[in-house]
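Take a look at the letters that make up each chain.
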Amino acid sequence: MPEHARPPARSLRHYLLAWALGVLVAVWLALIAFAGSTAFREARQFSDGQMTAVARLWLSATPHRSEAMPVGEAPDLQHEYLQEVAVLGWDDGQLVTDTHGLVGGLNLAALPQRGFITLRVNVPGQPSEWRAYAAGATQHGHPRRVVVLMDLKQRYELGKDIAEHVALPALLVLPLVALLLWWAIRRGLRPLDRLSSEVAMLDGFAGQRLDTSHRHREFASTVAAINALVDTLQTRAQREREFASDVAHELRTPLAALALQA
């Protein structure tokens with residue numbers, strides 16, 4: 001291939017940096033996926049635990065109120081992770097509490113006696129998908145039952161918010177890690193740069209060889225191969241000099257005789 005047609009040489013630094021950044025991005029994406037799944041799982045566990053706590057508190061409180069008492073937009077009752085909870089309560093099989101007016105849009109037969117269920121509620125002005133937890137207890141011979149409901153959208157928003165809080169620092173650190181990788185690769189390749197400079201200044205016909213001391217172990221085979229090549233060149237150069245000397249010696253006498261005859 002002609003010299004001018006050869007493709008430009010690739011930079012080892014760029015090659016290593018590209019691979020390192022590729023691995024870094026893959027690890028970051030895996031971290032984001034893991035953080036997202038963990039955040040949504042923890043949000044589900046947290047919401048279910050909160051609903052269970054509300055149910056236990058509601059069953060231990062007496063008496064149930066027959067209707068909700070609105071508190072308005074009280075600042076003291078607001079929180080970043082606040083999740084709206086609705087409560088349905090029964091005493092002796094009679095509905096006594098419906099905090100959000102959901103009973104008309106519920107299929108009461110689908111509600112379990114105990115445990116969790118995801119259901120739909122058809123009530124205007126209210127979310128359509130809810131997570132429900134049902135529990136019951138008997139107090140002084142009176143059966144009591146409570147169903148705690150939580151908006152599924154709010155639980156999803158909670159998981160999304162937790163995932164963003166976990167992923168955002170990793171995203172902000174990514175450029176810094178990329179810069180540190182570039183610096184580390186550049187510094188790590190300095191021994192290779194020094195070896196290249198020494199090879200470029202090496203005069204194999206003058207008996208020079210590469211120093212084998214104070215080298216990285218990974219360069220041992222390369223340095224040995226270069227020194228072996230230099231030894232081979234020196235041996236061949238010595239043979240050529242000896243051959244030239246022998247030829248000159250052998251030709252000196254015939255040439256002297258020819259000169260005398262001439």
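Our structure is the block above this text.
**Re a positive patch on the surface**
So, point 1. On the surface, Arg186, Arg187, Arg190 and Arg194 cluster together into a positively charged patch.
So, point 2. Only α2 (152-188) and α3 (190-200) provide two or more residues apiece to the positive patch.
So, point 3. Mapped onto the fold, arginine 194 is located in helix α3.

**Some thoughts on the sheet that holds strand β1 (residues 85-91)**
So, point 1. Within the open sheet, the five strands sit side by side as β2-β1-β5-β4-β3. Their pairing is antiparallel. Among the strands making up the open sheet, the edge pair consists of β2 (94-98) and β3 (115-120). Within the sheet, the average angular offset between the axes of one strand and its neighbour, ignoring direction, is 25 degrees.
So, point 2. Across six bridges, the pairing between β3 and strand β4 (residues 129-139) is antiparallel. Note that in β4 the partner of leucine 119 across the bridge is tryptophan 130.
So, point 3. Across the sheet, helix α1 (residues 12-60) touches β1, β2, β3, β4 and β5 (142-151), and the angle it forms with β5 is around 150 degrees.
So, point 4. The strands touched by α2 are β3, β4 and β5; relative to β5, the strand with the most contacts, the crossing angle is about 55 degrees.

**A word on the packing of α1 against α2**
So, point 1. Running from N to C, α1 and α2 cross one another at 160 degrees; their axes reach a closest spacing of 8 Å. The pairing of α1 with α2 is recorded here as roughly antiparallel in orientation. Regarding α1 and α2, the two cross each other, and that crossing is right-handed.
So, point 2. Classifying every residue of the contact of α1 with α2 by side-chain character gives 27 nonpolar, three polar and six charged.

Procedures and definitions
- Residues numbered from 1 in each chain as written.
- Predicted model: local features only at pLDDT ≥ 70, side-chain atom pairs only at ≥ 80, totals over all residues.
- Heavy atoms only, no water.
- Patch = residues over 30% accessible without salt bridge, like charges linked within 9 Å, V, L, I, M, F, W, Y side chains within 5 Å.
- Areas by Shrake-Rupley, 256 points an atom, 1.4 Å probe, with all protein chains shown as cover.
- Salt bridge = Lys/Arg side-chain N within 4 Å of Asp/Glu carboxyl O.
- Lys, Arg positive; Asp, Glu negative; His and termini not counted.
- Charge placed at Lys NZ, Arg CZ, Asp CG, Glu CD.
- Helix = DSSP H or I, 4+ residues; strand = E, 2+ residues; numbered from the N terminus.
- Pairing = 2+ DSSP bridges.
- Axes fitted to C-alpha atoms, helices over the stretch in contact; angles between N-to-C directions.
- Contact = heavy atoms within 4.5 Å.
- Parallel < 35°, antiparallel > 145°, perpendicular 65-115°, else oblique.
- Left-handed = near helix turned anticlockwise from the far one by under 90°.
- Nonpolar A, V, L, I, M, F, W, Y, C, P; charged D, E, K, R; others polar.

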